[in-house]
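Listed below, chain by chain, are the residues.
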Number of protein chains: 2
Amino acid sequence: MVADIGRVHAVVLAGGSGQRFWPISRELSPKQLLGLFGTESLVAQAIHRVLPLLEGGATDVLVVTNERLFDELRNNLTAQDDEHLQDVAYLIEPIGRNTAPAIALACAHVAARDPQGIVVVLPSDHVLTDGAVWSDTIACAIGLARAGYLSAIGIEPTRAETGYGYILQAKALPEFAIGCAHAARAGAFVEKPDAQTAAAYLADGGYLWNAGIFVMRASGYLDELRRTPSNAAIADAAEAIAAGLPQDEARERFSALPSVSIDVAVMESAERVAVVPAAMGWSDVGSLLSLETLAAPDAAGNVRVGRGVDVGSSNTVVYSGDRLVATLGVGDLIIVDTADATLVAHRDSVHDVRLVVEALKAKGAPEVTQPKTSLRPWGTWTTLLELPGYKVKEIDVKPGCRASLQRHARRGETWIVASGRARVTRGGDALDLGPGESVHLPVGVTHRMENTGTEPLRIIEVQIGDYLGEDDVERLADDWHRESTRRRST
Amino acid sequence: MVADIGRVHAVVLAGGSGQRFWPISRELSPKQLLGLFGTESLVAQAIHRVLPLLEGGATDVLVVTNERLFDELRNNLTAQDDEHLQDVAYLIEPIGRNTAPAIALACAHVAARDPQGIVVVLPSDHVLTDGAVWSDTIACAIGLARAGYLSAIGIEPTRAETGYGYILQAKALPEFAIGCAHAARAGAFVEKPDAQTAAAYLADGGYLWNAGIFVMRASGYLDELRRTPSNAAIADAAEAIAAGLPQDEARERFSALPSVSIDVAVMESAERVAVVPAAMGWSDVGSLLSLETLAAPDAAGNVRVGRGVDVGSSNTVVYSGDRLVATLGVGDLIIVDTADATLVAHRDSVHDVRLVVEALKAKGAPEVTQPKTSLRPWGTWTTLLELPGYKVKEIDVKPGCRASLQRHARRGETWIVASGRARVTRGGDALDLGPGESVHLPVGVTHRMENTGTEPLRIIEVQIGDYLGEDDVERLADDWHRESTRRRST
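Parameters and conventions
- Residues numbered from 1 in each chain as written.
- Chains lettered and ligands numbered in written order.
- Predicted model: local features only at pLDDT ≥ 70, side-chain atom pairs only at ≥ 80, totals over all residues.
- Heavy atoms only, no water.
- Axes fitted to C-alpha atoms, helices over the stretch in contact; angles between N-to-C directions.
- Helix = DSSP H or I, 4+ residues; strand = E, 2+ residues; numbered from the N terminus.
- Left-handed = near helix turned anticlockwise from the far one by under 90°.
- Contact = heavy atoms within 4.5 Å.
- Nonpolar A, V, L, I, M, F, W, Y, C, P; charged D, E, K, R; others polar.
- Buried < 20%, exposed > 50% of the residue type's maximum accessible area, 1.4 Å probe, protein only.
- Least-squares fit on C-alpha atoms with pLDDT ≥ 70 in both.
- Salt bridge = Lys/Arg side-chain N within 4 Å of Asp/Glu carboxyl O.
- Buried area = accessible area lost by both parts, 1.4 Å probe.
- Polar contact = N/O pair within 3.5 Å; in protein donor to acceptor, adjacent residues only side chain to side chain.
- Phe/Tyr/Trp six-rings, centres within 6.5 Å; stacked < 30°, edge-to-face > 60°.
- Lys NZ or Arg CZ within 6 Å of the ring centre and 35° of its normal.
- Pairing = 2+ DSSP bridges.
- pLDDT = per-residue confidence, 0-100.

## Description of the packing of helix α2 (residues 42-50) of chain B against helix α3 (residues 67-79) of chain B
The axes of two packed helices give the description: the angle between them and the distance between them. All names here are of chain B. Running from N to C, α2 and α3 cross one another at 65°; their axes reach a closest spacing of 9 Å. Read as a crossing pair, α2 and α3 show a hand that is right-handed. Across from Val 43, Ala 44 and Ile 47 in α2, the residues of α3 making contact are Leu 73, Asn 76 and Leu 77. Its residues placed into classes, the contact of α2 with α3 shows five nonpolar, one polar and no charged.

Right under this line is the structure:
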């Protein structure tokens, strides 16, 4: 009987590039993978938020991402402190085409397995607080979805924000109220307003922030797309791909689709659209200014995260990782310091960070793509030094974990154990190494490191070769099933 | 006969702490040791400037410094591309007491060996261009010194600078003219003026910048000091120390002296004081604003040294070592980025950098003392990572060079050759290692690394121990005679 009314599925949109958070975010470590807003990454927070609503638990979570981010995303969820996160399913967009096609893909995937299935669509890179309001709000939206509505969550605005889209509440739908949550017809979906309009919206009281969270029957969304010919192509492509279109054809089919948001393609024009207002702490973490929320300001309005001192500055945000940052007599700056790159921006210019990223990209700067520290399912590695002919990394392996059994075509490696206990596989041998002991792994020899102790294992790796790219790795065995043709990293 | 009129000796004052250049300068790497203003360090430039005037060459150079800086200074001069710099003599101030006592110490040292000796006193941390004017200028000043004058070099001002002291020219002394140089009686030595006074000085035409360069008979300076009782104590202490006072007594004696500059103690009041005007490019490199001279500005007045991009900034100086620094919409900033610390300062506040250094010192920040890269006579080392229990360094050894034969009481080390050819001494063994090969050096075992190849030798060192300070080293043999009780570094 439960199957007849459809289960609830979570669709977590995790393909975003997070350019506006550079240099903290990188192409291979976008905003949703960052752990600075809480104890786990934003994508893990998004999943944990929705898990209690899912009958099937994490197996009913569909993470939509792209080929480029898949490995990093899976590494990130595997590395979190909850094994259930390893059970989520991934859906790879053939090519990025904004939210309407991405959600269509997920809906086609769900509908093919659960024809009456309900989807809760969530961004993966937002901050949200207040769990009590949250569960009533989503329960209310699920009720609407079962009654055939496409529903959106609207956040009660607390300021005249110009950085968000708004949803106007129209006629109340009192029959859908649950607990502290109630619903209304959506009168309009409007784009980011200017300051005057935003102030008017706030005064009006009927406008809500569009949080990008949508709840609907999967098949209902596809039906809605079919009302116009250009959108129908989206639904058709999504269903064909969900039915198993070969990868090349899928990419071709998806490339031909319009790049359009769910708001524009569906929500603004559909007939049965509802909104559930929610008084929750919420932010899209849309710019580096969000760093300001991470610590209390001093008397001059300066916020600091990380090591350093200030003399005589005001209204300045300093965020640093391990390095020391000192400020002297400056004002209205956002300073973001990471292991390999620093950004100094005026507060008023911070929304233009993508221009910096584009300029760096044009120069071929590697700092756009890859952070110095990379999360792996079994731990992390950090590049300490890279010069022509050799590279030095620090590798941390969690207790009980091991990297893949692998070999390299163009580099040899030497490992020194800095702390902890290692078992090293080298060809047919197994060696047990402690602090100060080392092993040489020539080009082509299979090898693996394993932490056999109870403390973190820290290894200093010196790579020597004429090519030292992360893609020179052949995985022969892997506890995380990465043996395939996938090319990225240890 | 030459001895009768006294030789010319150079006295290079190299005890300065260079706080105003943090984070490029550190306590153990002050401004005079920096190589960014030219192809060699400022102290090496100062010595090379004066060498052609010295009959005895580098053996007639006396570098005055302090105990703390001695090793670093000698390493720096040894590392320069001129073996003669290894011949200079060092004079260690028992304690810092400004220039009058430091110069007295040098003069007593010279006068004891060469009673008629002439000293050319030079700061070690200034930038000076135009060698042709220079040699006539100093020759003219030497002539004055032989005739019993205390003479100073005065730079023809090119702007109404408020950061320098001035010397007023009085009656010309035409009989001392040599080549393009001519001399005058000094009318007055005046301290740094305010803006209005500086403008008046420039308009007047008779005022010269006080470059801190003095030429005089060593004994004449001591005689001059003896004219007042408090200054006589300086001369007496200097002569006693030069005659071989034990170290403890020397420190006690020097501590009791007034901390006073040569300008105040002698030049402002002495009778036979001359000035030699010189139209030379000169700067005391007094603040980080000097970095502005290292590259041409863009159309918006931004100067950049190092990797990075800018979007929309103006009048901003960005100096970075290896890391990437991006700027976005900022103005009037000086941004200085080094391997382990970054300073972001307003242009108008840059003279207060010492306040930042003091605040960091109060917090015990190691970034005040030691740069990540340290120059050794045989090469360099750079700290890549330091965590409780272990430290990782990259060590570069120049072809044909070797570090000292040494051992450590509290740390073991493992070396991996990253590039080049190494001969490693370990206890009684000698091992020849190439790229990828490694060796473990347990606690207490004597060891040494030598570059036996023709390319730089690069070694990654992992130190493991409960104490990893640079002072845990016992040198048993050293090509630079550092075996003694001296404690600083490999």
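## Comments concerning the environment of Val 309 of chain B
The residue Val 309 of chain B is located in strand β13 (residues 308-311) in this model. For Val 309 of chain B, a relative accessible area of 5% translates into the label buried. Considered as a pair, Val 309 of chain B and Pro 371 of chain B are 62 residues apart in the sequence and their alpha carbons are 25 Å apart. Ignoring sequence-local partners within four residues, the contact set of Val 309 of chain B consists of Val 356, Ala 359, Leu 360 and Lys 363 of chain A together with Arg 304, Val 325, Ala 326 and Thr 327 of chain B.

## Regarding the relation of the copies chain A and chain B
For these two chains of identical sequence, chain A goes onto chain B by a turn of 180° and a shift of 0.0 Å along the axis, with RMSD 0.1 Å. The superposition of one copy onto the other is thereby described by a two-fold rotation axis. Taking C-alpha positions as the reference, the residue of chain A nearest the rotation axis is Leu 384 of chain A, at 3.1 Å. The residues that chain A uses at the interface reappear at the interface of chain B in 100% of cases, marking a shared surface.

## A look at the pattern of salt bridges
Counted under the stated rule, the structure contains 50 salt bridges over all chains. Salt-bridge contacts for Arg 323 of chain A lead to Asp 337 of chain A; the nearest nitrogen and oxygen are separated by 2.7 Å. One end of the pair, Arg 323 of chain A, is in strand β14 (residues 317-328); the other, Asp 337 of chain A, is in strand β15 (residues 333-337), and 14 residues separate them in sequence. A residue is classified by how much of its surface remains accessible, and Arg 323 of chain A, at 8% relative accessible area, is buried. Here Arg 423 of chain A ties to Asp 432 of chain A by a salt bridge, and the two come within 2.9 Å at their closest N and O atoms. Judged by relative accessible area, Asp 432 of chain A falls into the partly exposed class, the value being 44%. What you see here is one network of salt bridges that share partners, running through Arg 323 and Asp 337 of chain A together with Arg 323 and Asp 337 of chain B.

## Notes on the interface of chain A and chain B
A common way to report how large an interface is uses the accessible area buried once the components associate. Contacts between chain A and chain B engage 56 residues on the former and 56 residues on the latter. Between chain A and chain B, the buried area comes to about 4,100 Å², and carbon and sulfur atoms account for 70% of it. Inspection of the region where chain A meets chain B yields four salt bridges. There are 29 residue pairs in polar contact (both at pLDDT 80 or more) connecting chain A and chain B. In terms of residue class, the side of chain A that touches chain B is made up of 35 nonpolar, 12 polar and nine charged.

## Observations regarding the environment of Phe 254 of chain B
Residue and element names in this part refer to chain B. Here Phe 254 shows up in helix α9 (residues 247-255). Among the residues examined, Phe 254 registers a relative accessible area of 0% and is labelled buried. Sequence separation of Phe 254 and Pro 94 is 160 residues, and the distance between their C-alpha atoms is 6.4 Å. Setting aside chain neighbours within four positions, we find Phe 254 in contact with Pro 94, Ile 95, Arg 97, Pro 101, Ala 102, Leu 105 and Ile 241.

## What to know about the packing of aromatic side chains
The final tally for this structure, using the stated rule, is 16 aromatic pairs over all chains. Taking 3.9 Å as the distance between ring centres and 15° as the angle between the ring planes, the aromatic pair formed by Tyr 201 of chain B and Tyr 207 of chain B counts as stacked. Each member of the pair, Tyr 201 of chain B as well as Tyr 207 of chain B, carries the same accessibility label: buried. Their ring planes at 45° and their centres at 6.3 Å tell us that Trp 209 of chain B and Trp 282 of chain B sit as a pair that is tilted. In this pair, Trp 209 of chain B sits in strand β9 (residues 207-217) while Trp 282 of chain B sits in strand β11 (residues 281-283), placing the two residues 73 residues apart along the sequence. With relative accessibility at 2%, the residue Trp 209 of chain B sits in the buried group. Classification of Trp 282 of chain B as buried rests on a relative accessible area of 8%. Through successive ring pairs, a cluster of aromatic residues spans Tyr 164, Trp 209 and Trp 282 of chain A. Seen from the ring of Tyr 149 of chain A, Arg 272 of chain A lies directly overhead, with NZ or CZ sitting 4.4 Å from the centre. Between the NZ or CZ atom of Lys 393 of chain B and the centre of the ring of Trp 381 of chain B, over which it lies, the distance is 3.6 Å.

## Description of the sheet that holds strand β17 (residues 373-376) of chain A
Residue and element names in this part refer to chain A. Strands sit in the order β17-β18-β19-β26-β21-β24 across an open sheet of six strands; the sheet is antiparallel. Each of the sheet's edge strands pairs with one partner strand only, and the pair in question is β17 and β24 (438-441). Neighbour-to-neighbour, the strand axes of the sheet open up by a mean angle of 20°, direction not taken into account. In the sheet, strand β19 (residues 390-397) pairs with strand β26 (residues 457-465) via eight bridges, with the strands oriented antiparallel. The residue bridging Val 397 from the neighbouring strand is Leu 457, located in β26.

## Overview of the confidence of the model for chain A
All names here are of chain A. In the predicted model, chain A carries a mean pLDDT of 94, and 97% of its residues have values of at least 70. Below a pLDDT of 50 lies the segment residues 484-490, which in the model reaches 27 contacts outside its immediate sequence neighbourhood of four places, other chains included. If you check the scores for this complex, the pTM reads 0.92 and the ipTM reads 0.91.

## Structural notes on unusual backbone geometry
Residues Trp 22 of chain A and Pro 23 of chain A are joined by a peptide bond in cis, for which omega reads 5°. Examined against the element boundaries, Pro 23 of chain A turns out to sit in the loop between β1 (8-13) and α2 (42-50). Its identity is not glycine, yet Asn 315 of chain B carries a phi of approximately 50°, on the positive side. With respect to the helices, strands and loops of the structure, Asn 315 of chain B is situated in the loop between β13 and β14 (317-320). Looking at Asn 315 of chain B, the relative accessible area reads 33%, which means it is partly exposed. One non-glycine residue, Asp 332 of chain B, adopts positive backbone phi at about 55°. Turning to its location among the elements, Asp 332 of chain B is positioned in the loop between β15 (324-328) and β16 (333-337). A residue is classified by how much of its surface remains accessible, and Asp 332 of chain B, at 30% relative accessible area, is partly exposed.

## Some remarks on the pairing of β24 of chain A
All names here are of chain A. Of the two faces of β24, only the one carrying Val 439 and Leu 441 is buried; Ser 438 and His 440 on the other face are not. In terms of strand pairing, strand β21 (residues 411-419) meets β24 through four bridges, oriented antiparallel. Pairing of Glu 413 across the sheet is with Leu 441, part of β24.

## Thoughts on the pairing of strand β22 (residues 422-426) of chain A
All names here are of chain A. Here β22 pairs with strand β23 (residues 429-433) via five bridges, running antiparallel. Across the sheet, Arg 426 pairs through a bridge with Asp 429, a residue of β23. The loop that links β22 with its antiparallel partner β23 comprises two residues; one of these, Gly 427, has a positive phi angle of about 55°. Relative to strand β25 (residues 447-451), β22 runs antiparallel, the two sharing five bridges. In the sheet register, Arg 423 faces β25, and the bridge partner there is Glu 450.

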